[in-house]
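So you can see what is in the structure, the chains are spelled out below.
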Amino acid sequence: MQGDNVEEFPKKSEEKSRRFPGGLPRLLQNVQDATSEMLRRNKKTLKACTYVILNVALVGYFAWATYYFVEFSNDTLASTTCTGYGFLMIIFVLVYFGVAYSLIIKPVIKRIDTGRISNFFSNRTARITTHVAIAVAIGVYLAIDTSDNRQRLVPLSGLFVFLLFGFLFSKHPEHALSTIFFLGFMINILYHYGIMQKIVVSLGELLQAVMGTTICESVNSVANIFLGMNDSPLLLKPYLEELTVSEIHAVMTSGFASVAGSLLAGYISFGAEASHLITASVMSAPAALCYSKLIYPETEEVTATKETIQLLKSEYASALDAACNGAAIAIEIVLRVAAILIAFISAIHFLNGVLSWMGILIGFDGGSTWTLETAVGYVFMPVSFIMGVPWDECQLVGRLIGIKTMVNEFSAFKEMGQMILRKRTKMIATYAICGFSNPGSIGITISALSVLIPKKRSTITSTVFSAFVAGEITCFMSACIAALLIPDHLL
């Protein structure tokens, strides 16, 4: 009996093998192939279903958060624009603006015959007529809008002075820290999977269409609204080597003219208005590009275009390799930034110590101690006046600008919180000091960009001061526009 069972077992195995060639591994391979084929055939349907589910989830969550905020929260919308419901609303609006741009606005723009528009504006008479019409329209609007307070027209002189300064000092007047680690490896991973290329192209196209700037400098300018000046260039890391001198100047100017979104809560805690801070951050994006191109116009052939960005591929073996490489670069940036910050801040304190000692010897001590901030503050008094600040408060605003320029904007906002200023003066000062243009930031910019593009270190060091001045004046021009357009009853 046992012998018969032993002979029967091989026969059953052979029969099973004939029924399932290759056994279990082959069966699993067939299931995998069938699943892959099904996913491939229904790729569009699955993609559409995924988008629908994500949109339903996002809209549902936003509706739930809105209901909770209206019914149960005691916070105001302005107080939550950095961390709470207001910040969620900003993200929601930005996301669906991007969706609307991709699905509606972008296809419409592509249908527009840009050749006819270019031909129209190439005609000198048409161009002059258009500019005159725009100037007249702006003049009529301002004449009506400022009828209650003609003092608001003073910032027009400031705009004229700042633009004239930019033209006179134009290079080609005829062409007129933990966050770093996180972004370092995250951006490398996104770049490895091709997501970063899509972000660069999508964000750049909008500002490029409006202002005629290049994609990379446009994306960097937009990124500075949310990120810090040493974080934003990480978005462009694969393309930085291809940037022209004018584009590098624009990247640095955008950094000096803006502040990191993560710091807005700190400024608000010192008494700054959230609405003015957010508006200043958004205004600085196009304004910095505009003034940078006035100071350093483009004279080279741009190679980092939409087409070349799309062709760039990841050189990393895997996502883990990309993440490790990004973190390694971030370590070098952090070390250089820390070292140069210590050097710059030490130099400022040393000079303040020398000035204070010199002043004490001739009786200037206590509240009248000599410092660089105080000296620069007096220099900025006329600048404060042409921005629309009443003369009796120009010394205070000049001091704030001096502190922001010689120390940092955080110290300036802290000082402003302790001052008693008119509402209009405080508003103008908020726009004027809302930027990273200070000596420490010069060191950060040089160190961060030198790590990312070591071959262009000489270009960076030769143009960084020009970008610093351009970023400073961009903030002043934003203050002029705000003082010109915001009536007293909205303050």
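Residues numbered from 1 in each chain as written. Predicted model: local features only at pLDDT ≥ 70, side-chain atom pairs only at ≥ 80, totals over all residues. Heavy atoms only, no water.

Caption draft 1: Structural context of helix H20 (residues 423–432). Within H20, eight of the 10 residues are buried, which leaves the element mostly enclosed by the surrounding structure. Residues Arg-424, Thr-425, Met-427, Ile-428, Ala-429, Thr-430, Tyr-431 and Ala-432 constitute the buried set of H20. Buried residues along H20 sit against helix H13 (274–295), helix H18 (391–406), helix H19 (409–417) and helix H22 (457–485). (Buried < 20%, exposed > 50% of the residue type's maximum accessible area, 1.4 Å probe, protein only. Helix = DSSP H or I, 4+ residues; strand = E, 2+ residues; numbered from the N terminus. Contact = heavy atoms within 4.5 Å.)

Caption draft 2: Region of the structure containing empty space enclosed by the protein. The space that makes up the largest cavity amounts to roughly 60 Å³. Around the largest cavity sit Met-229, Pro-233, Val-251, Met-252, Gly-255, Ile-444, Thr-445, Ala-448 and Leu-449, which together line it. For the lining of the largest cavity, the secondary-structure elements that each account for two or more residues are helix H11 (245–257) and helix H21 (439–452). Classifying every residue of the lining of the largest cavity by side-chain character gives seven nonpolar, two polar and no charged. (1 Å grid on protein atoms, 1.4 Å probe; cavity = no way out; pocket = protein on both sides within 12 Å on 5 of 7 lines; lining within 4 Å. Points joined across faces, edges and corners; volume = space filled by probe spheres on them. Nonpolar A, V, L, I, M, F, W, Y, C, P; charged D, E, K, R; others polar.)

Caption draft 3: Looking closely at the pattern of salt bridges. Scanning the model with the defined rule gives nine salt bridges in all. For Arg-152, the salt bridge identified is with Asp-145, shortest N-O distance 2.5 Å. You can call Arg-152 buried: its relative accessible area is 2%. Of the charged contacts in the structure, one is a salt bridge between Glu-393 and Arg-422, with a shortest N-O distance of 3.1 Å. Taken as a pair, Glu-393 in helix H18 and Arg-422 in the loop between H19 and H20 lie far apart in primary sequence, 29 residues in all. (Salt bridge = Lys/Arg side-chain N within 4 Å of Asp/Glu carboxyl O.)

Caption draft 4: Inspection of the layout of surface pockets at higher detail. Size it by volume and the second largest pocket reaches roughly 430 Å³. Mapped onto the lining of the second largest pocket, the elements with two or more residues apiece are helix H6 (124–145), helix H7 (155–168), H13 and H22. Looking at the lining of the second largest pocket, the element that brings in the most residues is H22, giving five residues.

Caption draft 5: Region of interest: the nonpolar core. Of all hydrophobic cores here, the largest spans 73 residues; its most connected members are Phe-162 and Met-387. With 12 residues, H22 is the single largest residue contributor to this core. Core analysis: the next-biggest nonpolar cluster, separate from the first, contains six residues, Phe-62, Ala-65, Tyr-85 and Phe-92 among them. (Core = buried A, V, L, I, M, F, W, Y, C linked by side-chain atoms within 4.5 Å.)

Caption draft 6: Highlighting the environment of Ser-254. Here Ser-254 lies in helix H11. Between the C-alpha atom of Ser-254 and that of Tyr-291, which follows or precedes it by 37 residues, the distance is 9.7 Å. Setting aside anything within four residues of it in sequence, one finds Ser-254 in contact with Asn-220, Ser-221, Asn-224, Ala-288 and Leu-289.

Caption draft 7: A look at the packing of aromatic side chains. Across all of its chains, the model carries 14 aromatic pairs by this definition. Measuring from centroid to centroid gives 5.7 Å for Phe-162 and Phe-476, while their planes differ by 35°, and the two rings are tilted. We classify Phe-162 as buried; its relative accessible area is 5%. Residue classification places Phe-476 among the buried residues on the basis of a relative accessible area of 3%. Each ring, one from Phe-380 and one from Phe-476, has its centre 5.7 Å from the other, and the planes form 70°; the classification is edge-to-face. Within this pair, whereas Phe-380 is found in the loop between helix H16 (372–379) and helix H17 (381–386), its partner Phe-476 is found in helix H22, the two being separated by 96 residues in sequence. Neither Phe-380 nor Phe-476 differs from the other in exposure class; each is buried. Of the aromatic side chains, those joined through ring pairs into one cluster are Phe-62, Phe-69, Tyr-85, Phe-92 and Tyr-96. (Phe/Tyr/Trp six-rings, centres within 6.5 Å; stacked < 30°, edge-to-face > 60°.)

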